[in-house]
Amino acid sequence: MSARFCLLVVAKAPVPGFAKTRLCPPATPEQAAEIAAAALLDTLDAVSATPGAVPVVAMTGDLGAATRGAEIGQALRGATVIAQRGWDFGARLANAHADTAAVHAGLPVLQIGMDTPQVTPDLLASAIEPVLAGTHDAVLGGAEDGGWWALGLRDPRHAEVLAQVPMSQDDTGELTRRALTSAGLKPGTVAVLSDVDTMADAGRVAAVRPGSRFARAVGAVAEAVTVR
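Residues numbered from 1 in each chain as written. Predicted model: local features only at pLDDT ≥ 70, side-chain atom pairs only at ≥ 80, totals over all residues. Heavy atoms only, no water.

The chain is annotated in an unreviewed UniProt entry as Glycosyltransferase involved in cell wall biogenesis from Amycolatopsis saalfeldensis.

Each helix and strand in the chain was counted, giving seven helices and seven strands. Starting at the N terminus and ending at the C terminus, the chain contains elements arranged as β-α-β-α-β-α-β-α-β-β-α-β-α-α. Computed over C-alpha atoms, the radius of gyration of the chain comes to 17 Å, within 12% of the 17 Å expected from 2.2 N^0.38 for 228 residues, which places it in the range of a compact globule. Overall size of the chain, expressed as C-alpha extent along the three principal axes, is 55 × 35 × 35 Å. The proportion of buried residues among the 228 residues of the chain is 52%. Long-range contacts, defined as pairs at least 24 residues apart, comprise 70% of the intrachain contacts of the chain with a sequence gap of at least 6. (Helix = DSSP H or I, 4+ residues; strand = E, 2+ residues; numbered from the N terminus. Rg over C-alpha atoms; globule rule 2.2 N^0.38 Å. Buried < 20%, exposed > 50% of the residue type's maximum accessible area, 1.4 Å probe, protein only. Contact = heavy atoms within 4.5 Å.)

Among the nonpolar cores identified, the biggest contains 34 residues, and Leu7, Leu40, Leu110, Ile112, Leu124 and Trp149 are the most heavily contacted of them. Elements with a minimum of two residues in this core: strand S1 (5-12), helix H1 (29-48), strand S2 (53-60), strand S4 (109-112), helix H4 (121-133), strand S6 (148-153) and strand S7 (187-193). Among the elements that take part in this core, H1 stands out by supplying seven residues, more than any other. In this view, Leu110 contacts Phe5, Cys6, Leu7, Leu8, Leu124, Ala127, Ile128, Ala150, Leu151 and Gly152; residues no more than four positions away in its chain are not counted. In terms of nonpolar packing, the next biggest core, distinct from the first, is built from 24 residues, Val56, Ile82, Val165 and Leu180 among them. (Core = buried A, V, L, I, M, F, W, Y, C linked by side-chain atoms within 4.5 Å.)

All right, on to the pairing of strand S3 (residues 80-83) then. Direction of pairing for S2 relative to S3: parallel, over a ladder of four bridges. Bridge pairing in S3 places Val56 opposite Thr80. Once the chain exits S2 it traverses helix H2 (residues 69-75) before rejoining the sheet at S3, and the crossover so formed is right-handed. (Pairing = 2+ DSSP bridges. Right-handed = clockwise from strand over helix to strand, strands pointing away.)

Moving on: a negative patch on the surface. The grouping of Glu144, Asp145, Asp170 and Asp171 at the surface amounts to a negative patch. Checked against the element boundaries, Asp170 lands in the loop between S6 and helix H5 (172-182). (Patch = residues over 30% accessible without salt bridge, like charges linked within 9 Å, V, L, I, M, F, W, Y side chains within 5 Å. Areas by Shrake-Rupley, 256 points an atom, 1.4 Å probe, with all protein chains shown as cover. Salt bridge = Lys/Arg side-chain N within 4 Å of Asp/Glu carboxyl O. Lys, Arg positive; Asp, Glu negative; His and termini not counted. Charge placed at Lys NZ, Arg CZ, Asp CG, Glu CD.)

Another aspect to go through is the sheet that holds S6. Strand order in the open sheet formed by seven strands is S3-S2-S1-S4-S6-S5-S7, with mixed pairing between adjacent strands. This sheet does not close on itself; its edge strands, each paired only once, are S3 and S7. Neighbour to neighbour, the strand axes of the sheet diverge by 20 degrees on average, direction disregarded. The sheet strands contacting helix H3 (residues 89-103) are S1, S2, S3, S4 and S6, and the helix crosses S1 at an angle near 140 degrees. (Axes fitted to C-alpha atoms, helices over the stretch in contact; angles between N-to-C directions.)

Every buried residue belonging to helix H6 (residues 199-208) is among Met199, Asp201, Ala202, Val205 and Ala206, and all of these are buried. Around the axis of H6, the buried residues are gathered within 145 degrees of arc, so they sit on the same side. For H6, the exposed residues lying more than 90 degrees away from the buried face are Ala207 and Val208. (Arc of directions from axis to C-beta.)

A separate point is unusual backbone geometry. A negative phi angle is the norm for most residues apart from glycine, just as the trans form is the norm for most peptide bonds. In this model, Cys24 is joined to Pro25 through a cis peptide bond whose omega is -20 degrees. The omega torsion of the bond from Pro25 to Pro26 falls at 15 degrees, within 30 degrees of zero and hence cis. Of note, Pro26 is situated in the loop between S1 and H1. In this structure, Lys20 takes a positive phi of about 50 degrees despite not being glycine. For Lys20, the position within the fold is in the loop between S1 and H1. Not every positive phi belongs to a glycine, and Ser168 is a case in point at roughly 60 degrees. Among the secondary structure elements, Ser168 is positioned in the loop between S6 and H5.

Laid out in structure tokens, this is it:
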């Protein structure tokens, strides 16, 4: 199938002590990094299997020091990899959209993170479909914690509004929607998902995808806690 849109994953190298630190305790830094690595790999699998999608990954951190770094590097071979740049997370998101558009001009962009490893190719394809069909110029998928997990834009230049939105707050999703509306867009709605910030979140997400890398990594923490 020919390219219809860019599927942009904003990712952080899962280095122990720097990745998913809010999972500690009960997870150790090494276990938290394993969970982060599993989440990224499961996400990349879903992205690579999404019909019509051009995979793009905006990466930060030292992949050479990351848990499962070689496996992640192999998974990235099928994607356009760009470096994150910017002074804060909102700016890095805006710049990731701009850099994606510079490489793949003219394609709409659906941006996700690595905190929703329960995504499937069908979910990702359906999330961007209103933009591709022309019924919406943007779509926003809310997260249960008040943030958002997916942003689709017909014109990636509109992502510049993200640089002015406070991130990692319980009203970030609503503030993002308001910013998009203020820019003249009419964002459609994508299904709300739980992203992974805490071990309770991780347990809920793992239950959605039993047998996945992510579920196995989360299960290993539960087993280790029981042994302790």
